[in-house]
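# Reading the structure
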Amino acid sequence: MAAGDHVYVANRENQRLVILEATPNPAGSWGSIGSVILPGNAEDLFVSGNFAYVVGDAATPFLAVVDISDASEPLIRSYISTGGSSVHVSGDWAFVAAPAGLDVYYIADPDAIVLAGSNSEMASSPSAIYVSGNRAYVTMEGSHSLVIYDISNPAAPVPLGSSPAGSLLHPVSVMVSGDHAFIACKGDPGSADNNGVVVLDVSEPANVLVRGITSEEGQKATALAVAGKRVFVTSRCTTDECCDVDPEQAQCTGKDDRFVLYEFNHLETPTLQAGNLQAGYLDVVDSASVANGLSVGGGLNAGQAYVGGDLGVGGDLRMLGSIGGEDEFLCEEFDGPDNCLDWELR
């Protein structure tokens, strides 16, 4: 995970949290700044402020709080012997995809983290978690689905709904942007079914809809990140055709592991509040309401327009349909089918 000038890596094999420089050196490698031994096999981490929160796997379960204020000497402040597959921190709370469901920890005191609440409803082998606002999104390996929890009271999470069972095939990573959840799936290793990114509409937790699926034969997605309308995915080769096979170890050596970039257009944003909006193209499907003034630098093309007050036009006005208000403008003289020479107010 990258944060600021550093990259944080939870090394599962040697049970260490390693801190690297975020910018590679001229030789193309990342210099190690510091590291610390963890209580067990690291499964996931999340960095927030001066702390890294690391969870361990089922064999060596733990949740550790690591002080990273001095990157050269990270220090474990506390840990407890319960873990999970994924962790996400929001404010004073750490949300963990635990073996039995969603666990919530109060972490305001890094020296004494406390289990504050949990919920196992609708849970089936949780695999990944993402928190956005008052909702936690947890992927389920067992039911191949996404479950959405209301965490407005973090100590008492409540399930709101889920995607259809089987909609996600071996989900491993999830991120949420607006009304859409993006899930990386390993899919079916014997086919190209559901082994890329699944896009879900989560605007109504009780009615989650599948909006899109990507698949690549011979690959399985391992992680993803979302920035704007772009989704960045890492995937691993799963067949002999797309990788070198080590004859001594009889296994794939990862020749064709990939980094894939997807662009998802036409993702709806129901509400936008902004002081200044600049866009190359704006398409309004239903209606637009302008409280103060509307300035159009190029041209305004309208099939039908309603003006409740005054309308001022600095240049040409071309209406393909009709214009209505308290009064009506009617064309008295046309020069061609769409060009009026004389408007009369009636």
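Residues numbered from 1 in each chain as written. Predicted model: local features only at pLDDT ≥ 70, side-chain atom pairs only at ≥ 80, totals over all residues. Heavy atoms only, no water.

### A short note on the overall build of the protein chain
Going by this rule: Segments assigned H or I by DSSP are reported as helices when at least four residues long, segments assigned E as strands when at least two residues long, and all are numbered from the N terminus. When checking whether two residues touch, look at their non-hydrogen atoms; a contact exists if any pair is within 4.5 Å.
If you tally the helices and strands in the protein chain, you get 0 helices and 29 strands. A separation of at least 24 residues holds for 36% of the contacts in the protein chain among residues at least 6 apart in sequence.

### Things to note about the packing of aromatic side chains
What counts, and what does not: Two rings from Phe, Tyr or Trp (for Trp, the six-membered ring) form a pair when their centres sit within 6.5 Å of each other. Planes less than 30 degrees apart are called stacked, planes more than 60 degrees apart edge-to-face, and all others tilted. Each residue gets one of three labels from its accessible area relative to the maximum for its type: buried under 20%, exposed over 50%, partly exposed in between, using a 1.4 Å probe on protein chains only.
Following the criterion strictly, the structure yields 2 aromatic pairs and no others. Arranged with centres 6.5 Å apart and planes meeting at 45°, the rings of F51 and Y53 form a pair that is tilted. Note on accessibility: F51 and Y53 belong to one class, buried. An angle of 55° between the planes, with centres 5.1 Å apart, marks the rings of W93 and Y106 as tilted. With W93 in strand β10 (residues 93-98) and Y106 in strand β11 (residues 101-106), this pair connects stretches of sequence that are 13 residues apart.

### Quick notes on the pattern of salt bridges
Convention followed: The rule for a salt bridge is simple: a side-chain nitrogen of Lys or Arg has to be within 4 Å of a carboxyl oxygen of Asp or Glu.
Evaluation of the coordinates by the stated rule reveals 7 salt bridges. Across the salt bridge formed by D57 and R12, the nearest N and O atoms sit 2.7 Å from each other. Here D57 is found in the loop between β6 (51-56) and β7 (63-67), whereas its partner R12 is found in the loop between β2 (6-11) and β3 (16-21), with 45 residues between them in sequence. Overall, R12 belongs to the partly exposed group, its relative accessible area being 40%. In this structure, the salt-bridge partner of R211 is D201, at a minimum N-O distance of 3.1 Å. Here the residue R211 occupies a position in strand β20 (residues 209-213), and D201 occupies one in strand β19 (residues 197-201), the gap between them amounting to 10 residues. Put simply, R12, E43 and D57 are held in one network by salt bridges that share partners.

### A short note on the confidence of the model for the protein chain
Detailed reading of the predicted coordinates is not advisable wherever pLDDT falls low. Rules: Every residue carries a pLDDT, the predictor's confidence in it, which falls somewhere between 0 and 100.
Of all residues in the protein chain, 69% have pLDDT values of 70 or greater, and the mean over the chain is 80. Across residues 268-276, where pLDDT falls below 50, the model places 3 contacts with residues more than four positions away in sequence or in other chains. Here residues 317-329 scores under 50 on pLDDT; set against residues more than four positions off or in separate chains, the count is 33 contacts.

### Notes on the sheet that holds strand β15 (residues 145-150)
Whenever strands of a sheet pair, they do so through backbone hydrogen bonds, lying parallel or antiparallel. Here is the rule: Two strands are said to pair when DSSP picks up at least two bridges between them. Orientation is described by axes fitted as lines to C-alpha atoms, over the contacting stretch for helices, and by angles from 0 to 180 degrees between their N-to-C directions.
One open sheet holds the 4 strands; their spatial order is β13-β14-β15-β16, and the pairing between them is antiparallel. The open sheet has two free edges, formed respectively by β13 (126-132) and β16 (158-162), since each of these has just one partner strand. Taking each pair of neighbouring strands and ignoring which way they run, the sheet shows an average axis angle of 25°. Judged from the 6 bridges that link them, strand β14 (residues 135-140) and β15 form a sheet pairing that is antiparallel. The residue bridging V138 from the neighbouring strand is V147, located in β15.

### A closer look at the layout of surface pockets
Threshold: Grid points spaced at 1 Å over the protein atoms alone were grouped into cavities, where a 1.4 Å probe fits but cannot get out, and pockets, open sets with protein on both sides within 12 Å along at least five of seven lines, with lining residues defined by an atom within 4 Å of a point. Grid points are joined across faces, edges and corners, and a volume is the space filled by probe spheres set on the points. Classification used: nonpolar for Ala, Val, Leu, Ile, Met, Phe, Trp, Tyr, Cys and Pro, charged for Asp, Glu, Lys and Arg, polar for all others including Gly.
Put simply, the second largest pocket is a space of about 1300 Å³. Lining the second largest pocket we find 38 residues, and of these D44, V172, S173, T222 and A223 sit closest to its centre. Mapped by element, the contributors of at least two residues to the lining of the second largest pocket are β2, β5 (42-48), β9 (86-90), β13, β17 (171-177), β21 (219-227) and β22 (230-237). Its residues assigned to classes, the lining of the second largest pocket shows 23 nonpolar, 8 polar and 7 charged.

### Points about the environment of S235
Mapped onto the elements, S235 comes out in strand β22. The spacing of S235 and A223 is 12 residues in sequence and 7.3 Å in space, taken between C-alpha atoms. What S235 contacts, discounting residues up to four positions off in sequence, is Q219, K220, A221, T222, D257, R258 and V260.

### So, the side chain of N41
Looking at the secondary structure, you find N41 in the loop between β4 (32-37) and β5. With residues up to four places along the chain from it excluded, the contact list for N41 reads R12, Q15, V55, G56, D57, A59, T60 and F62.

### Focus on the sheet that holds β11
Taken in spatial order, the 4 strands of this open sheet run β9-β10-β11-β12, and their pairing is antiparallel. For this open sheet the edge positions go to β9 and β12 (114-119), each flanked by a neighbour on one side alone. Averaged over all neighbouring strand pairs, the angle between strand axes comes to 25°, with direction disregarded. By the bridge criterion, 5 bridges tie β9 to β10 in an arrangement that is antiparallel. Looking at the pairing, S86 lines up with A97 of β10.

### Quick word on the nonpolar core
Keep this limit in mind: Nine residue types can take part in a nonpolar core, namely buried Ala, Val, Leu, Ile, Met, Phe, Trp, Tyr and Cys, and a core is a set of them joined through side-chain atoms within 4.5 Å.
If you look at the biggest cluster of nonpolar residues, it comprises 28 residues, and the most contacted ones within it are L146, F182, V197, L200, V202, L224 and V231. For this core, the elements supplying multiple residues, two or more each, are β13, β15, β17, β18 (180-185), β19, β21, β22 and β25 (258-263). The element that contributes the greatest number of residues to this core is β18, accounting for 5 residues. Filtering out sequence-adjacent residues up to four positions away, V231 remains in contact with F182, L224, A225, V226, V260, L261, Y262 and F264. Of all hydrophobic cores here, the second largest spans 15 residues; its members include V47, A52, F62 and V66.

### Some points on unusual backbone geometry
The backbone of Q15 shows a phi angle near 55°, a positive value even though the residue is not glycine. For Q15, the position within the fold is in the loop between β2 and β3. Not every positive phi belongs to a glycine, and S125 is a case in point at roughly 55°. Following the sequence through the fold, S125 ends up in the loop between β12 and β13.

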